2 protein chains.
Amino acid sequence: MTFIPGLSQAEAIAVGHSVALPQLLIDAQTQVKADLLHVIDQQDWPEILHKAVRHAALQGGKRVRPALVYMACAACALDDVLYPAAARRAAVAIELIHCYSLVHDDLPCMDDDELRRGQPTVHVVYGEANALLAGDVLQSLAFEVLSGSWFSDQTLSASVQLAQMQSLSQAASQMVKGQLLDLAAETKQVGEQELETIHVNKTGALIRSAVRMGAYAAGMMTPAVLNDLDRFAYALGLAFQVQDDVLDVTSTTETLGKPAGSDEKLQKSTYPSLLGLTAAQQRAIDLHHEAIQALAGFDQRADGLRALADFLLKRTA
Amino acid sequence: MTFIPGLSQAEAIAVGHSVALPQLLIDAQTQVKADLLHVIDQQDWPEILHKAVRHAALQGGKRVRPALVYMACAACALDDVLYPAAARRAAVAIELIHCYSLVHDDLPCMDDDELRRGQPTVHVVYGEANALLAGDVLQSLAFEVLSGSWFSDQTLSASVQLAQMQSLSQAASQMVKGQLLDLAAETKQVGEQELETIHVNKTGALIRSAVRMGAYAAGMMTPAVLNDLDRFAYALGLAFQVQDDVLDVTSTTETLGKPAGSDEKLQKSTYPSLLGLTAAQQRAIDLHHEAIQALAGFDQRADGLRALADFLLKRTA
């Protein structure tokens, strides 16, 4: 059930901070890719929909949100099952939502992007209508997986699934709200507070939901604990976005797998454009610190979350 | 809680077949419109998203799917509460899914329609990007409402909500599959079997889900009863679509609120084009008969469903 080559994730977490993070993320990527593949393969779809959805969901990507689901589950779990069914469903579902948002975001009427993860975007390969429908079905499929009995023949916990559904559907709505605010911001100068509101919705909501759904998967419903995790995820989500803005300035198209410098070209308000590059880099570091502080009450079972936060700050793409 | 002007729906159902159906449908329209308005008004959205969503969801429409939810609930209910919270959530959710599908279907990259329900379509008024995002958020909001605690401060039944979520998310995926099959069929001649497959997915899946979710709202989980309702909804969904094709030939743009004769203009395969108009009309009558037969085991509590089926066959728009 765990699909881990070499060192188990439990062992990796057990030996704590000194373990190189990428292995955790690689394991998460392996797990979620296998599960996505399984779910998509089971769909009775016309061939072109299969192809478009596979293109959207199986072409790589960092799989940060699924990794957050697994690590949040591990942080709250009482046993050493790293990928319980409720976490696997949530990981697949949140990645499907993320992928749908990218497909629609890339459409000509939105950002009109032709490159994503180093590949031509879905509409470039399969046409606009199919890309639109692929995005639509990725969203439906997310909720189908989350509410279904995938990866498990055990008795399901309806209350866990319902809590996950509430979290993910709210986050999906917030994400669209954030996209709309972002769209409206393209034509005007926005301040730091407005920029934060955009990102808290556009990317932050899914990151908070990933962490919440992971905790729910471990049966965690204690408000104080969930509140700490929310604070962690809020700061992490914002740090992630600030870092994204920084990388758009400091990295290359080849490393990013999408056009670097596109924010400046579009005259978008970003943290570097508002604060300057150095202050933006410092802001990412401060937010990372806030995220780690929010986990102060957790023991070593949260080392996976800590390691993910470290990696996301230090990444170059 | 019931929002019914004049005769109550319970009274209407109680006096049986002789009651004119439109009142049932008018009551359902009143109920779901009030609930949609309530849900949409509670959203913390940018103004343009509010406007686009209101345009998509509150401009009329027959509200057939919500009415089916309420009537299926009534058919299975042991008390005379006509609009329990679980039915109200399902009615709002399925109408939101239906509206999202119309917004995306009308987009330039799809059918490129400028008229819907007698009004300019969402993208004509608010632009393509906002229409795309409005459709996206209508889908998320559907699942948010269905999994949430709207219209009720009572203890929720997680198992009912989960069953409804499974039904609606599967139906939403099937609907997209149907749209894709429909899109592919535009460029070729299809047979009656293929046409049925398109409609069973494109429109039938939501109609079956409406009936299922209504039954679940009444706590009905008995396989034999659900099976009868599925047979009813399958035949009704197909009858509805055959009748839609017939009306596209026999009705006017003014009555339909969308361009009449558009199927022929697009050289689409329809029941009248495959079978001839008279045989298509007969097919609708036969399917209606099948639908009514499937309800043979139900008492007068299913008269609302019977009356809806009668109305849908006799409608002119």
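Residues numbered from 1 in each chain as written. Chains lettered and ligands numbered in written order. Predicted model: local features only at pLDDT ≥ 70, side-chain atom pairs only at ≥ 80, totals over all residues. Heavy atoms only, no water.

By the naming in an unreviewed UniProt entry, chain A is Polyprenyl synthetase family protein, taken from Aquirhabdus parva. Looking at chain A in UniProt, the text filed under Sequence similarities (unreviewed entry) is "Belongs to the FPP/GGPP synthase family." Heading Cofactor (unreviewed entry) of the UniProt record for chain A holds this comment: "Mg(2+)". (UniProt positions renumbered as here; feature names shortened; annotations may be inferred.)

(A) Region of interest: the relation of the copies chain A and chain B. Expressed as a screw transformation, the operator carrying chain A onto chain B has a rotation angle of 180° and an axial translation of 0.0 Å, and the superposed copies differ by an RMSD of 0.0 Å. The relationship between the two copies is best expressed as a two-fold rotation axis. Considering only C-alpha atoms, the part of chain A nearest the rotation axis is A:A158, at 2.8 Å. In this assembly the copies share their binding face: 100% of the residues contributing to the interface of chain A also contribute to that of chain B. (Least-squares fit on C-alpha atoms with pLDDT ≥ 70 in both. Contact = heavy atoms within 4.5 Å.)

(B) Representation of the nonpolar core in the model. In this structure, A:L68, A:F232, B:L68 and B:F232 are the most contacted members of the largest nonpolar core, which totals 188 residues. In contact with B:F232, not counting residues within four places along its chain, are B:L68, B:V211, B:A291, B:A294, B:L295, B:L305 and B:A309. (Core = buried A, V, L, I, M, F, W, Y, C linked by side-chain atoms within 4.5 Å. Buried < 20%, exposed > 50% of the residue type's maximum accessible area, 1.4 Å probe, protein only.)

(C) Layout of the interface of chain A and chain B. The interface is formed by 40 residues belonging to chain A together with 40 residues belonging to chain B. Of the roughly 3,500 Å² buried between chain A and chain B on both sides combined, carbon and sulfur atoms contribute 70%. Where chain A meets chain B, there are two salt bridges. Here B:K177 ties to A:D44 by a salt bridge, and the two come within 2.9 Å at their closest N and O atoms. (Buried area = accessible area lost by both parts, 1.4 Å probe. Salt bridge = Lys/Arg side-chain N within 4 Å of Asp/Glu carboxyl O.)

(D) Region of the structure containing the packing of aromatic side chains. Residue and element names in this part refer to chain A. This model, assessed by the stated rule, comprises five aromatic pairs over all chains. Ring centres of W150 and F151 lie 6.3 Å apart, and the angle between their planes is 50°; this geometry places the pair in the tilted category. The same class applies to W150 as to F151, namely buried. (Phe/Tyr/Trp six-rings, centres within 6.5 Å; stacked < 30°, edge-to-face > 60°.)

(E) Structural context of the side chain of B:D105. All names here are of chain B. Relative to the elements of secondary structure, D105 occurs in helix α5 (residues 85-106). For D105, which is buried and forms no salt bridge, the nearest opposite charge comes from K202, at a distance of 4.2 Å. Setting aside residues up to four positions removed in sequence, D105 forms contacts with M110, D111, D112, Q179 and K202. (Helix = DSSP H or I, 4+ residues; strand = E, 2+ residues; numbered from the N terminus. Lys, Arg positive; Asp, Glu negative; His and termini not counted.)

(F) Layout of the environment of A:I26. Mapped onto the secondary structure, A:I26 falls in helix α2 (residues 22-41). Taking the C-alpha atoms as reference, A:I26 lies 8.9 Å from A:K62; in sequence the two are 36 residues apart.

(G) Up close: the pattern of salt bridges. All names here are of chain A. For the structure on display, the rule yields 30 salt bridges over all chains. The residue R63 makes a salt bridge to E95 at a minimum N-O spacing of 2.8 Å. Here R63 is found in the loop between α3 (47-57) and α4 (64-76), whereas its partner E95 is found in helix α5 (residues 85-106), with 32 residues between them in sequence. This pair shows no difference in class: R63 is buried, exactly as E95 is. Between R301 and D299 there is a salt bridge, and its shortest N-O distance comes to 3.1 Å. Taken together, the shared-partner salt bridges in this structure form one network comprising R63, E95 and R117.

(H) Geometry of helix α16 (residues 303-314) of chain B. All names here are of chain B. Given a rise of 1.5 Å per residue, twelve residues ought to cover 16 Å, and the 16 Å separating the end C-alpha atoms of α16 matches this to within 8%. Among the twelve residues that make up α16, ten are buried, leaving the element largely enclosed by the rest of the structure. Burial in α16 covers these residues: D303, G304, L305, R306, A307, L308, A309, D310, L312 and L313. (Expected span 1.5 Å × (residues − 1).)

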